[in-house]
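Fold and geometry: a report
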Amino acid sequence: MKKVFFEEITSTNDYAKEHFAETEDKTIICADNQTNGHGRLGRKWISTNAKGLNLYTSLVLKPPKECAYNNFTQYVSVVLCKVLEEYGVNANIKWPNDILVNGLKICGILAERTSQMNGFVIGIGVNLNLTKEETESIDKPAISLNLILNKKIDRDEFLEKFCTEFEKNYDKFLTQGFEYIRENYLKRINFLGREISVSLNKDNKIKGIAKDINKDGELVLVLPDQKEQVIISGEIN
Ligand code: BT5
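Presented here is an overview of the structure given in this document. Everything numeric here is computed off the predicted structure, so don't read it as measured data. (Residues numbered from 1 in each chain as written. Predicted model: local features only at pLDDT ≥ 70, side-chain atom pairs only at ≥ 80, totals over all residues. Heavy atoms only, no water.)

**What about the environment of lysine 2?**
- Note that lysine 2 resides in the segment before strand S1 (3-9).
- Look at lysine 2 and you get partly exposed, because its relative accessible area is 46%.
- Lysine 2 has contacts with Glu24, Lys26, Thr27 and Ile28, leaving out every residue within four places of it along the chain. (Helix = DSSP H or I, 4+ residues; strand = E, 2+ residues; numbered from the N terminus. Buried < 20%, exposed > 50% of the residue type's maximum accessible area, 1.4 Å probe, protein only. Contact = heavy atoms within 4.5 Å.)

**Some details on the packing of helix H2 (residues 72-86) against helix H5 (residues 155-176)**
- Where H2 contacts H5, the axes come no closer than 9 Å and their chain directions differ by 135°. By the angle class used here, H2 and H5 are oblique. Remark: the crossing between H2 and H5 carries right-handed chirality. Facing H2, whose interface residues are Phe72, Tyr75, Val76, Val79, Leu80, Lys82, Val83, Leu84 and Glu86, H5 presents Phe158, Lys161, Phe162, Glu165, Phe166, Asn169, Tyr170, Phe173 and Leu174.
- In terms of residue class, the contact of H2 with H5 is made up of 13 nonpolar, 1 polar and 4 charged. (Axes fitted to C-alpha atoms, helices over the stretch in contact; angles between N-to-C directions. Parallel < 35°, antiparallel > 145°, perpendicular 65-115°, else oblique. Left-handed = near helix turned anticlockwise from the far one by under 90°. Nonpolar A, V, L, I, M, F, W, Y, C, P; charged D, E, K, R; others polar.)

**Remarks on the sheet that holds strand S8 (residues 195-201)**
- Here we have 5 strands laid out as an open sheet, ordered S11-S10-S9-S8-S12, and antiparallel in their pairing. The outermost strands of the open sheet, each flanked by one partner alone, are strand S11 (228-231) and strand S12 (235-236).
- Here S8 runs beside strand S9 (residues 204-213); their pairing, made up of 6 bridges, is antiparallel. Across the sheet, residue serine 197 finds its bridge partner in S9, namely lysine 207. (Pairing = 2+ DSSP bridges.)

**Quick word on the pairing of strand S5 (residues 98-101)**
- Neither face of S5 is open: one carries Asp98 and Leu100, the other Ile99 and Val101, and all of them are buried.
- Two strands pair when backbone bridges link them, and strand S4 (residues 92-94) and S5 are joined in this way by 3 bridges, in the antiparallel orientation. Bridge pairing in S5 places lysine 94 opposite aspartate 98.
- Connecting S4 to the antiparallel partner S5 that follows it, the hairpin turn spans 3 residues.
- As judged from the 3 bridges shared by S5 and strand S6 (residues 104-112), these two strands associate in the antiparallel manner.

**Quick notes on helix H6 (residues 178-186)**
- Inspection of H6 places Phe178, Ile181 and Tyr185 among the buried residues, and these make up the whole buried set. One side of H6 carries all its buried residues, which in axial view fall inside an arc of 80°. Turned more than 90 degrees from where H6 packs its buried face, Glu179 and Glu183 sit exposed.
- On the buried face of H6, the contacting elements are H2, S4, H5 and S9. (Arc of directions from axis to C-beta.)

Pasting the structure below:
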């Protein structure tokens, strides 16, 4: 995988989108620091000034047209869990793709595309070396790998492990889609069978029992009237 490094950039996702046309499939754009890292719905991704200590990266993907799956972020979330497991850390996936350790967010993933793009950009932020104070300044419970392992984490080594793990199964994923990773994905979610509340958009929330993640990676919820609802995108609260 080709890698492009920057010392400081507004957002690796923004850069990858702006330069999408001339960027090769499976290129990694990585920045030591981001001045405007963002998540979904205009939310911020807290990126510290400490240069090169955390992972801020975007992956440019240009899969063949016939691979029209919606599950690339889910593929990446399984890859990231496996990398964390190499460090001896058990991580869980909060559908569709947040990564948590003991309920604390360690990693966020953001897929973006524009109408001109024949593919998409997957942004990945992983807290590798935050101070305790920095994690506490985030408005939702968060954690960083160094705080779990009590040692400094080498960002480039983490990125290398990510690329190796990504490549291992990517071609099979391209031919088989979510079904190929479903078992590995299900192993790492811990809310099935529980009552959850899901925001479908800013003003619309539903509650139900999480029954399954179906063969397309969608969440199956059993509503209070026992009807099943399949949710393609949303956010578990
Ligand atoms: C995400 O959004 O979790 C996706 C974040 C993707 C960030 C990467 S960094 C490289 C690339 N370039 C970018 O500009 N973005 C991508 P969302 O699900 O909307 O979650 C955002 C929420 O996570 C915030 O509102 C906070 O509550 C929380 N948050 C922000 N920064 C955090 C951090 N460093 N660690 C843990 N949680 C954080």
